[in-house]
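Structure assessment
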Amino acid sequence: MNLRFLNEGKAAKQLLSFCLPLALMACGDSKDTAAPATEAETPAVAVMSDVHFENVYGDLKNAKFSGIPTGDGKFATIRTMYAQLTSTRLFNENYFAFRGALDDAYARGIRLVALSGDYSDDAQPVNIDGIAAILKEYQAKGMRFFIAPGNHDPNEPYDDDEAGKSDFLTAEGKEQKVFAVNYSGCKSLDPTVACTNQLMELGYEKLIAQLGEFGYMPNKADVYWETPFSNYGSTAYSYDAAVTSADVKNRQFEICAEGEGGSYRADGEKTLGKSFTKCTSIIDSSYLVEPVKGVWLLSIDANVHIPNSAFDPVNAKAFKGFDGAGNAGWNKVLTHKKHLLAWIKTVTARAKSQGKRLIAFSHYPTMDFYANQTDAMKAVFKSGAFQVSRVPDPATTTALAATGMQLHMGGHMHFNGTNDYKDASGNYFVNVQSPSLAVFGAAYKIVKYKDQDTVDIETVSLNNVARYNELFKYYQTEYDYLQNSSLAADISKRWSKDILATKSYGEFTRFYFGELSRLRFMDEYWPCEMKEAATTLDAKQMLILSQLQTQVTFAQLKDIPGVLPLTATCMSKGSVSGTPVSASQLTADWTVATAKATQLATAAGYKLDDFAKITAYEFYGDFHRTVYAGELALRDMGTDRVKQYKVLMNAFPASPAAISVLDGKPSDQNPVNVVFQNQFKQVFSILKGLGSGKPSDRFTVNFKTQTLTNTNTSSASFN
């Protein structure tokens, strides 16, 4: 093993000790340390995250399956609509959304674009070739692109030649398996599988080689470029030195199962009280670039691929020997990529010293991205729901703030949101989540420094996208096949044809999220009794239930059908205690609650029946759309619905009665109002929090006053 890789941590520490505050100008100094560009000269930067690019007209290079003939010599190499409607990302229409975002940014005069990870969907050659071609097309028009890797690019640090997908769409509306040649089905000559290495998943080395011109490698036009391992010292920066520094053999570090190795190993072993194991060198693709005078873009590779139980030191580049990076994020950077924190600290210090306007971006969020609702969501929903394991620990945010980093643009969660943090030392740190182009709330961010201490951030929504419905005719074939098939597997995959009647990309993604909620989220995230209520009750019934006071239990609902469309199916069967009231009492109690609900609706300027327009499907769709899009989801709801939800948020008892639990589930002896009021008071509180977070549409960050200011006077909120 190259000892240079093992000792990079030592080099990083030496760099830190060398780069004292008064000597920072001499450490990795750019060739121009004059004052930064003026406001008029400081360009805006577009940040586009989670493009999940799939080449919908790509060449699979396979005679057995080329895709769907389009009639003009091309083939549509697309995934099924069912696959899209059960995924947290689109696979096909985002191809057009990406082009639409680039066209929009170009028309606004933006020439610098940061792609904060998951720019591809699993880094297959067919998709990398496709996105490279598009980036080169816009590069020829004068745009520059700067990539940070995500957990989908790469999925693993080394090539996965067994990967593939089972749900490519055929001309007959069926599913087709397409896998890389070392997939077991390819080796066994399974006739149902099309085999091509266009579907293998590329690791770091090939990705850097193929996409090097998009930030991973220096450009002669750059004012400055470095990696965490560069050490230009006090010598003048040169392009040739940067090229040498950019070589993958010079940008590696030692990672072990327990933490970062190299010179960090001794401290780690002392802290953990055990030896480090499964150690190997691995690439870190991070870089700092100054594409124009005064602007620094810090692309941080926060992927952490940790050697696992399958790691074999004899075959250290086998992809199966590493865990994926999706759930690790910045939490694991603190233990397994310590050199990054040391480097970031030097970068932020130099930026401040030299008056550079620094924008840091990585794939992963650096602080709570659920508008500080994470703990409440953990308490209410199923274990692991909404991928809360991906929320950074508070200690992670604290450690990152201590580096001096002030502005970080993140992605990964496909979530639009903003959060900030102040530590005891006076550091102020802002994390901005750029939403995905491949989900509801599709948008990109524009970041523009007004002066050294003030940044304007604008969110550009992609409601209208040219050609977004170009593939709908192929989905119609899929729909027809599923409707006509009598196979149980096909019947289970039937979806609503109404999505093919949508009139815009915004409407399409809204419908998609409703179906994603119905087909996946409600089962995965919501406890049984909560799912039944959320998928059965409209907002009128919810408002009445919030006012209901009764002694009639869930067990008695079967005796009085037609009043409340709930059951005791999800409840544990409990023992009756005392003398129960008659089930018929529910009718009278419901009448009283209806009168109270009517008063609440009237006071807000509505009729009670107006609330019935918010169907169960609309409600749980709105909830999940708000989880992902935050402020943008409220704009989609419209003024009336926002006001109606606010009525519901304030309608519940201040202290709902506790739920009686038996064998880990609510007992069927609970009065029918108790379970709903207890649980949905919390649900609506979370909804309020998600829709009333820090400004996330158009706002200004002031690092001097440590404030976020909403600059969208028409923004909607649940406050």
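To start, this report covers the structure provided alongside it. Note that this is a predicted model, so its numbers are computed, not measured. (Residues numbered from 1 in each chain as written. Predicted model: local features only at pLDDT ≥ 70, side-chain atom pairs only at ≥ 80, totals over all residues. Heavy atoms only, no water.)

1. With respect to the overall build of the protein
Broken down by element type, the protein carries 23 helices and 23 strands. Taking 27 Å as the expected radius of gyration for a compact globule of 719 residues, we find that the protein reaches 27 Å, a close match to that expectation. When its C-alpha atoms are laid out on the principal axes, the protein stretches across 90 × 65 × 55 Å. Considering only residue pairs separated by 6 or more positions, the protein has 75% of its internal contacts joining residues 24 or more positions apart. Counting only carbon and sulfur atoms, one obtains 50% of the accessible surface of the protein, whose full area is about 27,200 Å². Each charge class in the protein can be summarised by its mean position, and for the 72 positive and 77 negative side chains these summaries are 2 Å apart. (Helix = DSSP H or I, 4+ residues; strand = E, 2+ residues; numbered from the N terminus. Rg over C-alpha atoms; globule rule 2.2 N^0.38 Å. Contact = heavy atoms within 4.5 Å. Areas by Shrake-Rupley, 256 points an atom, 1.4 Å probe, with all protein chains shown as cover. Lys, Arg positive; Asp, Glu negative; His and termini not counted. Charge placed at Lys NZ, Arg CZ, Asp CG, Glu CD.)

2. Observations concerning the state of the cysteines
Under the definition given, this model contains three disulfides. Residue pairing for Cys-256: its cysteine sulfur links by disulfide to Cys-279, the two sulfurs lying 2.1 Å apart. The sign of the S-S torsion, about 110°, decides the handedness of the disulfide formed by Cys-256 and Cys-279: right-handed. Of this pair, Cys-256 sits in the loop between β10 (252-255) and α9 (265-272) while Cys-279 sits in the loop between α9 and β11 (280-283), placing them 23 residues apart in sequence. Assessed through its relative accessible area of 0%, Cys-256 is described here as buried. The buried category is assigned to Cys-279, whose relative accessible area is 18%. Here Cys-528 pairs with Cys-570 through a disulfide, and the sulfurs are 1.9 Å apart. Given an S-S torsion of about -55°, the disulfide between Cys-528 and Cys-570 has left-handed geometry. On the criterion of sequence distance, the pair formed by Cys-528 in helix α17 (residues 528-534) and Cys-570 in the loop between α18 (539-547) and α19 (585-603) is long-range, its members being 42 residues apart. By relative accessible area, which is 7% here, Cys-570 ends up buried. (Disulfide = S-S within 2.5 Å. Buried < 20%, exposed > 50% of the residue type's maximum accessible area, 1.4 Å probe, protein only.)

3. Quick look at the packing of aromatic side chains
As enumerated under the stated definition, the model contains 46 aromatic pairs in all. The side chain of Lys-141 reaches across the aromatic face of Tyr-106, ending 4.3 Å from its centre. If you follow Arg-625 out to its NZ or CZ, it ends over the ring of Phe-440, 5.9 Å from the centre. (Phe/Tyr/Trp six-rings, centres within 6.5 Å; stacked < 30°, edge-to-face > 60°. Lys NZ or Arg CZ within 6 Å of the ring centre and 35° of its normal.)

4. Let's talk about the sheet that holds strand β18 (residues 443-451)
In space, the seven strands of this open sheet follow the order β5-β4-β1-β18-β19-β22-β23, with mixed pairing throughout. What marks the edges here is a single partner per strand, and that holds for β5 (144-148) and β23 (707-710). Sheet twist, expressed as the mean angle between neighbouring strand axes with direction ignored, is 25°. The pairing of strand β19 (residues 454-461) with strand β22 (residues 698-702) spans five bridges and is antiparallel. When the bridges of β22 are listed, Val-455 appears paired with Val-701. Sheet strands in contact with helix α4 (residues 94-107) are β1 (45-48), β4 (112-116), β5, β18 and β19, and its direction is about 170° off that of β1. (Pairing = 2+ DSSP bridges. Axes fitted to C-alpha atoms, helices over the stretch in contact; angles between N-to-C directions.)

5. Observations concerning the environment of Leu-169
Its location among the elements puts Leu-169 in strand β6 (residues 164-169). Of the residues examined, Leu-169 reaches a relative accessible area of 0% and is grouped as buried. Leu-169 sits 306 residues away from Tyr-475 along the chain, and the two C-alpha atoms are 8.5 Å apart. With residues up to four places along the chain from it excluded, the contact list for Leu-169 reads Phe-65, Ile-68, Ile-78, Arg-79, Thr-80, Lys-174, Tyr-474, Tyr-475 and Glu-478.

6. Observations concerning the packing of helix α22 (residues 639-649) against helix α23 (residues 672-690)
Relative to each other, α22 and α23 sit at 135°, their axes nearing to 9 Å. In terms of orientation, α22 lies oblique with respect to α23. The element α22 and its partner α23 pack so that their crossing is left-handed. Here α22 contributes Tyr-645, Leu-648 and Met-649 to the contact with α23, which in turn contributes Phe-684, Leu-687 and Lys-688. Counted by class, the contact of α22 with α23 contains five nonpolar, no polar and one charged residues. (Parallel < 35°, antiparallel > 145°, perpendicular 65-115°, else oblique. Left-handed = near helix turned anticlockwise from the far one by under 90°. Nonpolar A, V, L, I, M, F, W, Y, C, P; charged D, E, K, R; others polar.)

7. Here's the deal with the pairing of β22
The element β22 is largely enclosed, with a buried count of four among its five residues. Here β22 folds back onto β23, and the loop between the two strands holds four residues, one of which, Gln-706, carries a positive phi near 55°.

8. Description of the sheet that holds strand β13 (residues 295-299)
The strand order across the open sheet formed by seven strands is β9-β12-β13-β14-β15-β17-β16, and the pairing between neighbours is mixed. In this open sheet, the two edge strands, each paired with only one partner strand, are β9 (224-226) and β16 (417-422). Ignoring strand direction, the axes of neighbouring strands in this sheet form an average angle of 20°. Pairing between strand β14 (residues 357-361) and strand β15 (residues 407-410): two bridges, direction parallel. Considered in β15, the bridge of Ala-360 is made with His-408.

9. A closer look at the pattern of salt bridges
When charged atoms on two side chains of opposite charge get close, those side chains can pair. With the rule as written, the count across this model stands at 32 salt bridges. For Asp-420, the salt bridge identified is with Lys-694, shortest N-O distance 2.5 Å. Here Asp-420, found in strand β16, pairs with Lys-694, found in the loop between α23 and β22; they are 274 residues apart in sequence, far enough to count as distant. With its nearest N and O atoms 2.7 Å apart, the salt bridge here joins Asp-609 to Lys-540. Separated by 69 residues along the polypeptide, Asp-609 in the loop between α19 and α20 (616-629) and Lys-540 in helix α18 bring together distant segments of the chain. A residue is classified by how much of its surface remains accessible, and Lys-540, at 24% relative accessible area, is partly exposed. Overlapping salt bridges, with partners in common, bring together Arg-510, Glu-618, Asp-622, Arg-625, Asp-636 and Arg-641 in one network. (Salt bridge = Lys/Arg side-chain N within 4 Å of Asp/Glu carboxyl O.)

10. A look at the side chain of Thr-80
On the secondary structure map, Thr-80 appears in the loop between β3 (75-76) and α3 (81-85). A distance of 3.0 Å separates the side chain of Thr-80 from the backbone nitrogen of Ala-83, its partner in a polar contact. Here Thr-80 is in contact with Asp-167, Phe-168, Leu-169, Lys-174, Glu-175 and Glu-478, once residues within four sequence places are set aside. (Polar contact = N/O pair within 3.5 Å; in protein donor to acceptor, adjacent residues only side chain to side chain.)

11. Digging into unusual backbone geometry
In most cases, non-glycine residues show a negative phi, while peptide bonds are predominantly trans. Note the cis peptide between Asp-153 and Pro-154, where omega equals 10°. With respect to the element layout, Pro-154 can be found in the loop between β5 and β6. Although it is not a glycine, Asp-122 sits at a positive phi angle of roughly 85°. Take Asp-122: it is sitting in the loop between β4 and α5 (125-139).

12. Things to note about the packing of α20 against α23
For any two helices packed against each other, the geometry is given by the interaxial angle and the distance between the axes. In the contact formed by α20 and α23, the axes pass within 9 Å of each other and the chain directions differ by 45°. The angle between α20 and α23 falls in the class oblique. Where α20 crosses over α23, the handedness of that crossing is left-handed. The residues of α23 that touch α20, namely those facing Phe-619, Phe-623, Thr-626 and Val-627, are Phe-680, Val-683, Phe-684, Ile-686, Leu-687 and Leu-690. Per-class residue counts for the contact of α20 with α23 are nine nonpolar, one polar and no charged.

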